[in-house]
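An overview of the molecular structure
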Amino acid sequence: MAKTAIITGGGSGLGQATALHLADKGVNIAVVDIGEEGAQETVRLVKEKGPDAIFIQADVSKHDEVKAYVDQTLDHFGTIDYFFNNAGISGSGGYFLDTDVEEMENIIGINLLGAMYGLRYVADVMVKNGGGAIVNTASSAGVIGQATVVTYAATKHALAGVTKSLVAEYAKDGLRVNAVAPGPTETPMVKQYFDANPEMKASAEQGIPQRRLGTSDEVAELVTFLLTSKAEYINGEIIRIDGGFTNTK
Ligand SMILES: NC(=O)c1ccc[n+]([C@@H]2O[C@H](COP(=O)([O-])OP(=O)(O)OC[C@H]3O[C@@H](n4cnc5c(N)ncnc54)[C@H](O)[C@@H]3O)[C@@H](O)[C@H]2O)c1
C-alpha cells in the first residue's frame, strides 16, 4: 500500500524538493504551507508523477491549525507514515541587541513551537499506529554559533535536543526521529537574498570547504533516505549536509 507523508513548508525550497523526491518513490503527500501558490504548484507536480497530493493551508505556529492539518491528512489518506517537519523562517538577520521582541517571538513560534506542535500531534498518530519516520529541519546554525542568527540558532539547537529526546521516549514504539542540518542551500529564499547581495554569496561560498552552496535536491535526497526503510536503524541523528562547513569551524 502507498505510504503517506506530511511536509510542512511544502510550497517552496527544501519542502517542495522533498515532495518531488518522495513522489518518485510513490508516496502520497499532504502539502502544508501558510502560502497557497507554491503549495498548489507542489500538489500539481506530485500528481504529475502519479501519487495523490492535497494542499492544506496552515500556520504552523497555531496549534489548532496544526491539529487540523493532521486530522485532514488522516481524513484524506487514512494514515501518516512519514513527516518532514520543515517549515521555518530565518528572521531579518540583525545582531541580537537590535532584534525586536516581536521578531524573537515570531521565529520561536514558527521554527520551534510550530515544529513541536507538529511532533506532538503526528507522533501521537504514529505511535498509536505502531511507528513512523520523522525528519526535522535543523540547520548548521543548530550545530555551531554564528553572528546575526541568535534566535534562529536557539530554535535549531533546540530542535536537535527535541529530536534526540523523542527517540529516548518512543523508539521502542517504532518511531524514528532524525534531523537534517543543512548549510547555506540555494532555495528561493536564499537565492533571492544572494542575487541582491552577490558579494555576500561569494563570501559565503569562500567559507565552505567545497566552495559552493548546497542544493535543495541534495537535501531532499538525504531526507528521502532518512524517511524510508533503508534508514531503519538510524535514529536520533542530526545529520549535517553542508559541504564541510561546520566541521571546519
Ligand atoms: N535554505 C537554507 O540555506 C537553509 C539552511 C538550513 C536550514 N534551513 C531550513 O530549511 C527549512 C526550509 O527552508 P527553505 O530554505 O526551503 O525556505 P523557503 O522560504 O524556500 O520555504 C519555507 C516554506 O515554509 C513556509 N512557511 C513559512 N512560515 C510558515 C508558517 N508559519 N506556517 C506554515 N508554513 C510556513 C513558507 O511559505 C515556504 O513555503 C526552514 O526550516 C529553514 O530554517 C534552510
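Residues numbered from 1 in each chain as written. Predicted model: local features only at pLDDT ≥ 70, side-chain atom pairs only at ≥ 80, totals over all residues. Heavy atoms only, no water.

So, on to helix 5 (residues 150-170). Counted at 1.5 Å a residue, the expected span for helix 5 with its 21 residues is 30 Å, and the 30 Å between its end C-alpha atoms agrees. In this structure, the buried side of helix 5 is in contact with helix 4 (101-129), strand 5 (132-137), strand 6 (175-182) and strand 7 (238-241). (Helix = DSSP H or I, 4+ residues; strand = E, 2+ residues; numbered from the N terminus. Expected span 1.5 Å × (residues − 1). Contact = heavy atoms within 4.5 Å.)

Attention now goes to the nonpolar core. Side chains of a nonpolar character, in soluble globular proteins, are inclined to be buried together. Core analysis: the largest hydrophobic core is formed by 26 residues, its most contacted members being Leu 22 and Ile 29. For this core, the secondary-structure elements that each account for two or more residues are strand 1 (4-8), helix 1 (13-24), strand 2 (28-33), helix 2 (37-49), strand 3 (53-57), strand 4 (82-85), strand 5 and helix 8 (216-227). Those residues in contact with Leu 22 that sit more than four places away from it in its chain are Ala 5, Ile 7, Val 27, Ile 29, Tyr 82, Thr 224 and Leu 227. Grouped together as the second largest cluster of nonpolar side chains are 25 residues, Ala 123, Val 125, Val 167 and Leu 175 included. (Core = buried A, V, L, I, M, F, W, Y, C linked by side-chain atoms within 4.5 Å. Buried < 20%, exposed > 50% of the residue type's maximum accessible area, 1.4 Å probe, protein only.)

Once that is clear, we can look at empty space enclosed by the protein. Within this structure, the stated rule accounts for two cavities of 30 Å³ or more. Taken as a whole, the largest cavity encloses approximately 90 Å³ of empty space. Residue assignment for the lining of the largest cavity shows that the elements contributing at least two residues are helix 4 and helix 5. For the lining of the largest cavity, the leading source of residues is helix 5, giving three residues. In terms of residue class, the lining of the largest cavity is built from five nonpolar, eight polar and one charged. Empty space within the second largest cavity amounts to approximately 30 Å³. Around the second largest cavity, the lining residues are Thr 8, Val 60, Asn 85, Asn 86, Ala 87, Ile 110, Gly 114 and Ala 115. With three residues, helix 4 is the single largest residue contributor to the lining of the second largest cavity. Within the lining of the second largest cavity, the residues separate by chemical class into four nonpolar, four polar and no charged. (1 Å grid on protein atoms, 1.4 Å probe; cavity = no way out; pocket = protein on both sides within 12 Å on 5 of 7 lines; lining within 4 Å. Points joined across faces, edges and corners; volume = space filled by probe spheres on them. Nonpolar A, V, L, I, M, F, W, Y, C, P; charged D, E, K, R; others polar.)

Attention now moves to the layout of surface pockets. The space that makes up the largest pocket amounts to roughly 1500 Å³. Looking at the lining of the largest pocket, the elements that each hand over two or more residues are helix 1, strand 2, helix 4, helix 5, helix 6 (188-196) and helix 7 (198-206). Of the residues contributing to the lining of the largest pocket, the split by class is 24 nonpolar, 22 polar and four charged.

To continue, consider the site of the ligand. The local shell around the ligand holds 28 residues, among which Ser 12, Asp 33, Asn 86, Tyr 152 and Thr 185 are the closest. The contact in question runs from an oxygen atom of the ligand to an N or O atom on the backbone of Thr 185, over 2.8 Å. One of the side-chain nitrogen or oxygen atoms of Thr 187 is found 2.8 Å away from an oxygen atom of the ligand. In isolation the ligand has 830 Å² of accessible area, and contact with the protein removes 90% of it. Of all the elements, helix 6 adds the most residues to the shell around the ligand, at three residues. (Near = heavy atom within 4 Å. Polar contact = N/O pair within 3.5 Å; in protein donor to acceptor, adjacent residues only side chain to side chain. Areas by Shrake-Rupley, 256 points an atom, 1.4 Å probe, with all protein chains shown as cover.)

For Thr 148, which is not a glycine, the phi torsion comes out positive at approximately 75°. Mapped onto the elements, Thr 148 comes out in the loop between strand 5 and helix 5. Residue classification places Thr 148 among the partly exposed positions, given a relative accessible area of 33%. For Arg 211, which is not glycine, the phi torsion reads 60° and is therefore positive. Within the element layout of this structure, Arg 211 appears in the loop between helix 7 and helix 8. When its relative accessible area of 45% is taken as the criterion, Arg 211 is described as partly exposed.

On the surface, Phe 96, Leu 97 and Val 150 cluster together into a nonpolar patch covering about 320 Å² of accessible area. With respect to the element layout, Val 150 can be found in helix 5. (Patch = residues over 30% accessible without salt bridge, like charges linked within 9 Å, V, L, I, M, F, W, Y side chains within 5 Å. Salt bridge = Lys/Arg side-chain N within 4 Å of Asp/Glu carboxyl O.)

With that out of the way, let us pick up the packing of helix 6 against helix 7. The description of two packed helices rests on the angle between their axes and on the distance between the axes. Running from amino to carboxyl end, helix 6 crosses helix 7 at an angle of 115°, the nearest separation of the two axes being 5 Å. Looking at the two axes, helix 6 sits roughly perpendicular to helix 7. Taking contact as the criterion, the partners of Tyr 193, Phe 194, Asp 195 and Ala 196 in helix 6 are, on helix 7, Pro 198, Met 200, Lys 201 and Ala 204. Taken together, the residues of the contact of helix 6 with helix 7 sort by class into six nonpolar, no polar and two charged. (Axes fitted to C-alpha atoms, helices over the stretch in contact; angles between N-to-C directions. Parallel < 35°, antiparallel > 145°, perpendicular 65-115°, else oblique.)

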